[in-house]
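Structural characterization, general
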Amino acid sequence: MDPERRALWLLATPFLFGVVLLVAGPALLTLVMSAFEWDLVSEARFVGAANFRELLGDDVFRISLRNSLWYVAVSVPLKLLGALGLALLLHRRTRARGLARASVVLPAAIPDAAWALVWLWILNPLTGPLNLALQALGLPTPAWLTQPGAARWSVVLIGLLQLGEGFLIALAARQGVPGHLHETAEAAGAGPWARFVRVTLPLMAPALLLVVCRDAVASFQATFAPALLVTGGGPPPHATTFLPLFVYQNAFEYLRYGYAAAATVVMIVVSASIVWLMIRTVDRWRGGLVEQIR
Amino acid sequence: MRLVAAGLSLLLLGAACSGAGGDVTVLVAGDPFELAAYRDVVEASGLPVRLIEVTDRDQLIARLSTSIAAGDPPDLFLLNYRYQARFLATGAVAPMQQFLDRSAVLAEGDFFPQVLEAFREGGALTCLPQNAASLVVYYNEEIFAAAGVPIPTGDWTWDEMVGRAQLLTQDRDGDGIVDVHGLGVEPEVIRIAPLVWSAGSELVDREDAPTSFALANEEAVRAVQAFLDLRARFGVVPTDEEAASQDLESRFLSGHLAMLIESRKVVPALRTIDAFGWDVAPLPPIGEPANVLHSDAYCLASASDRKQAAFRFVEFALGPEGQRILAEAGRIVPVRPDVAASEAFLGGEPASSEVFLDQLAWTRPLPRVAAWPEIEDAANALIEEAFYDPTGGSEAAELVLALMSQTQALFARGA
């Protein structure tokens, strides 16, 4: 092995060790555990695919999966638009841009539990500042915590402002777009929109794809703290019970670790499918764009 | 599966409860008042005991199960009887009976017998209870006096309570928003149970090995309807928005709730009230008197290698001194008649603490099945949905059918 390759392996070793210990190992254990009925207290009992069959007939699981897919479908595009829009707005050298960028990043640095508790106050239906502000503006005041639809949107709202990581990636990508390409396009008569669609967006696409994939995976987990601490999985019937809360309740409250593991396996498969679908869609879009330019 | 167990144990090690040196470890859950009282008991015992504190039931169950899986459970844990079945069924608990039989400090005669029964399996005591609470009605004396409504008496009925709650539900400034609600009660199965028993029905089909809720009868439907009517028909309890905005305990503390149906656990917080006087009254019956047991017990982990030392702490905590400390803190209704009859319990607020003791004669436990936490969560979600139904059209018969059908599979799994 040449020295450069050896150095690369050496540098990657701690990370690989961490991945095996903290990701691959637990994932493998989860897969094995999904074939058992186990409460951690008594002997585990092999049940084969029974946990997966039970999931198929479990109304609460179906609702949780539907809620999670809805959350990904709504939250990921909104967060991408937010990150992209803010990156385009704040990439220029303007006064107070540092403060503005820090303000965008800051919510993502706040621990999830603390962030959720702040929103528990903000969303208080009667005394929360959000509804008081809406009331002052003469706008409707949703029952954020007690009306199923509003409660689901409140979870989206809580996650929406935590777009700091996506923003940083988008900002770096925007700053990496060479200025002369815009100048050339402008000289060729391209307007701002055409320059954005034909120059900026294709060059930012790989970074944005990374943001989308990361958000799609993270969104499955991001609902946990708000659902547990703000809405409690309700209002009934299970309006904000998302997959992570379903897994948590079955494992840690009902001691059905095998069943929760099966639900986790489904969650991993669904996440992977969504990411695969996104990569394929973007690849096709970029391929089509290259063909057009040729 | 051993490989999985070993791997999981490794992962859970960080969350496990590991004893420091030779200290006896005791896992307890509670609010800050309750945890402070447990610390006082440990300190007064002078024994080498280390408390492992969590804030609620769910955390306690999670911590307990993971620490058992990691092979390092706490020596003792304090758990409500409703959640003990799974741990008992799997042999994770070492029965207390043999220790009690050999004890020179504690004897069965030291406890209220009806409370001990909730912790007996096959004639032997599995765990030893530390409290003997039930539901009562807390009331704000100033709100009653200002409205000219007579305070509750020992023989009042459910209908009389609802009538007073109607008189006490007030929009004082005429802005269309209720400022004071007459009554506060959580829409939960543990609140409905005594009403069902009081009406003459059973809650489940078989007391020893339940397979279903047993609510498909006229008496149970009448009881459930009376409960739903509190919101839908009479509007004496806060709406779901109001309840989400401020929990019932805070609402009572701030003087915006005339009556609150709760167990003994709120007393330490209520003792911080300076602005008004308050007291307790019995839970009024809809038919025959009935109440539901709220009791936590010390359980000894089978895997503990300090069982004798752990039991010495139990002897102190459930002895006259340990019970006195907890009684004075206000948190518990002592499980020892001698302490319950003492100033330590009867001397502080509420003035009518003897009400808790009077209730014991007709207090019953809820079923003890392994899947009870799940059954209770599923039932509570249905009850909450019906209770706060914005159309006000929820019928008890529909709720009863939903409760029975949607928990059937859970009973089957957990029996």
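Read on for an overview of the structure.

Definitions and cut-offs
- Residues numbered from 1 in each chain as written.
- Chains lettered and ligands numbered in written order.
- Predicted model: local features only at pLDDT ≥ 70, side-chain atom pairs only at ≥ 80, totals over all residues.
- Heavy atoms only, no water.
- Helix = DSSP H or I, 4+ residues; strand = E, 2+ residues; numbered from the N terminus.
- Buried < 20%, exposed > 50% of the residue type's maximum accessible area, 1.4 Å probe, protein only.
- Contact = heavy atoms within 4.5 Å.
- Phe/Tyr/Trp six-rings, centres within 6.5 Å; stacked < 30°, edge-to-face > 60°.
- Lys NZ or Arg CZ within 6 Å of the ring centre and 35° of its normal.
- Buried area = accessible area lost by both parts, 1.4 Å probe.
- Salt bridge = Lys/Arg side-chain N within 4 Å of Asp/Glu carboxyl O.
- Polar contact = N/O pair within 3.5 Å; in protein donor to acceptor, adjacent residues only side chain to side chain.
- Disulfide = S-S within 2.5 Å.
- Pairing = 2+ DSSP bridges.
- Axes fitted to C-alpha atoms, helices over the stretch in contact; angles between N-to-C directions.
- Parallel < 35°, antiparallel > 145°, perpendicular 65-115°, else oblique.
- Left-handed = near helix turned anticlockwise from the far one by under 90°.
- Nonpolar A, V, L, I, M, F, W, Y, C, P; charged D, E, K, R; others polar.
- Right-handed = clockwise from strand over helix to strand, strands pointing away.
- Core = buried A, V, L, I, M, F, W, Y, C linked by side-chain atoms within 4.5 Å.

1. Focus: the overall build of chain A
- For chain A, the helix and strand inventory stands at 13 helices and two strands.
- A principal-axis box enclosing the C-alpha atoms of chain A has dimensions of 75 × 70 × 35 Å.
- By residue count, 44% of the 294 residues in chain A fall in the buried class.
- A fraction of 68% describes how many contacts in chain A between residues 6 or more apart in sequence connect residues 24 or more apart.

2. Points about the packing of aromatic side chains
- Evaluation of the coordinates by the stated rule reveals 23 aromatic pairs over all chains.
- Centroid distance phenylalanine 36 of chain A to phenylalanine 46 of chain A: 5.4 Å. Interplanar angle 75 degrees. Geometry classified as edge-to-face. Highlighted residues: phenylalanine 36 of chain A in strand β1 (residues 36-37) and phenylalanine 46 of chain A in strand β2 (residues 45-46), separated in sequence by ten residues.
- Using a relative accessible area of 12% as the deciding quantity, one classes phenylalanine 36 of chain A as buried.
- The class for phenylalanine 46 of chain A is exposed, based on a relative accessible area of 58%.
- The ring of phenylalanine 99 of chain B carries the charged tip of arginine 102 of chain B above its face, separated from the ring centre by 5.4 Å.

3. With respect to the interface of chain A and chain B
- Listed as interface residues are 29 residues of chain A and, on the opposing side, 32 residues of chain B.
- Note on chain A versus chain B: buried area summed over both sides is about 2,700 Å², and carbon and sulfur give 70% of it.
- Counting the surface chain A buries against chain B, the share from its top three residues, Val41, Pro236 and Tyr254 of chain A, is 21%.
- Remark: the boundary between chain A and chain B carries two salt bridges.
- Ionic pairing is found between arginine 57 of chain B and glutamate 253 of chain A, a salt bridge with its closest N-O pair at 4.0 Å.
- Linking chain A with chain B are four residue pairs in polar contact (both at pLDDT 80 or more), by the criterion used here.
- Going through the elements one at a time, α1 (3-33) and α12 (243-253) of chain A are the ones with two or more residues in the side of chain A that touches chain B.

4. A closer look at the state of the cysteines
All names here are of chain B.
- The tally for this structure, following the rule as stated, stands at one disulfide over all chains.
- With its sulfur 2.1 Å from that of its partner, cysteine 127 forms a disulfide with cysteine 299. Taking the sign of the S-S torsion, about 105 degrees here, the bridge from cysteine 127 to cysteine 299 comes out right-handed. A residue pair is termed long-range when its members are at least 10 positions apart, and cysteine 127 in the loop between β6 (124-125) and β7 (128-129) and cysteine 299 in strand β12 (residues 296-301) qualify at 172 residues.
- When its relative accessible area of 1% is taken as the criterion, cysteine 299 is described as buried.

5. Remarks on the sheet that holds strand β8 (residues 136-140) of chain B
All names here are of chain B.
- Here three strands make up an open sheet; going across it, the order is β9-β8-β10 and the pairing antiparallel. This sheet does not close on itself; its edge strands, each paired only once, are β9 (259-262) and β10 (278-282). Averaged over all adjacent pairs, the angle separating strand axes in this sheet is 30 degrees, with direction ignored.
- Strand direction decides the pairing type here: β8 and β9, joined by four bridges, are antiparallel.

6. What about the packing of helix α3 (residues 59-90) of chain A against helix α8 (residues 164-175) of chain A?
Residue and element names in this part refer to chain A.
- Remark: α3 packs on α8, axes separated minimally by 8 Å, with the N-to-C direction vectors making an angle of 45 degrees. By the criterion of interaxial angle, the relationship of α3 to α8 is oblique. The handedness of the crossing between α3 and α8 is right-handed. Within the contact between the two elements, α3 uses Ala83, Leu86, Ala87, Leu88 and Leu90 and α8 uses Gly166, Phe167, Ala170, Leu171 and Arg174.
- For the contact of α3 with α8, the class distribution of residues is eight nonpolar, one polar and one charged.

7. Comments concerning the pairing of strand β1 (residues 24-29) of chain B
All names here are of chain B.
- β1 sits mainly inside the fold: six of its six residues count as buried.
- Of the two faces of β1, the one holding Val24, Val26 and Val28 and the one holding Thr25, Leu27 and Ala29 are both buried throughout.
- Taken together, the six bridges between β1 and strand β2 (residues 49-54) define a ladder with parallel strand orientation. Residue pairing in the sheet places valine 26 in a bridge with leucine 51 of β2.
- The β-α-β motif built from β1, the intervening helix α2 (residues 32-45) and the parallel element β2 has right-handed crossover chirality.

8. Overview of the nonpolar core
- By size, the foremost hydrophobic cluster in this structure holds 174 residues, and its most contacted members are Leu128, Tyr138 and Phe213 of chain B.
- Element by element, the count of residues in this core is highest for helix α13 (residues 257-293) of chain A, at eleven residues.
- Those residues within four positions of leucine 128 of chain B in sequence are excluded, and the remaining contacts are Met96, Leu100, Leu106, Phe111, Leu116, Ala297, Tyr298, Phe311, Val314 and Leu318 of chain B.
- Of all hydrophobic cores here, the second largest spans 18 residues; its members include Ala87, Ala185, Phe196 and Leu201 of chain A.

9. Some remarks on the pattern of salt bridges
Residue and element names in this part refer to chain B.
- A complete count under the given rule lists 25 salt bridges over all chains for this structure.
- With its nearest N and O atoms 3.6 Å apart, the salt bridge here joins aspartate 377 to arginine 57. Taken together, the positions of aspartate 377 in helix α19 (residues 372-387) and arginine 57 in helix α3 (residues 57-69) put the pair 320 residues apart, joining distant regions of the chain.
- Take aspartate 377: its relative accessible area is 23%, and that puts it in the partly exposed class.
- Measuring nitrogen to oxygen at the nearest pair gives 2.8 Å for the salt bridge that ties arginine 82 to glutamate 376.

10. Remarks on the packing of helix α7 (residues 148-160) of chain A against helix α11 (residues 224-231) of chain A
Residue and element names in this part refer to chain A.
- Two numbers describe how α7 lies on α11: the axes approach to 10 Å, and their chain directions differ by 125 degrees. Compared by their axis directions, α7 and α11 come out oblique. Of the two possible hands of crossing, α7 and α11 adopt the one that is right-handed. Contacts from Ala151, Ser154, Val155 and Ile158 of α7 reach α11 at Pro226, Val230 and Thr231.
- The class makeup of the residues in the contact of α7 with α11 is five nonpolar, two polar and no charged.

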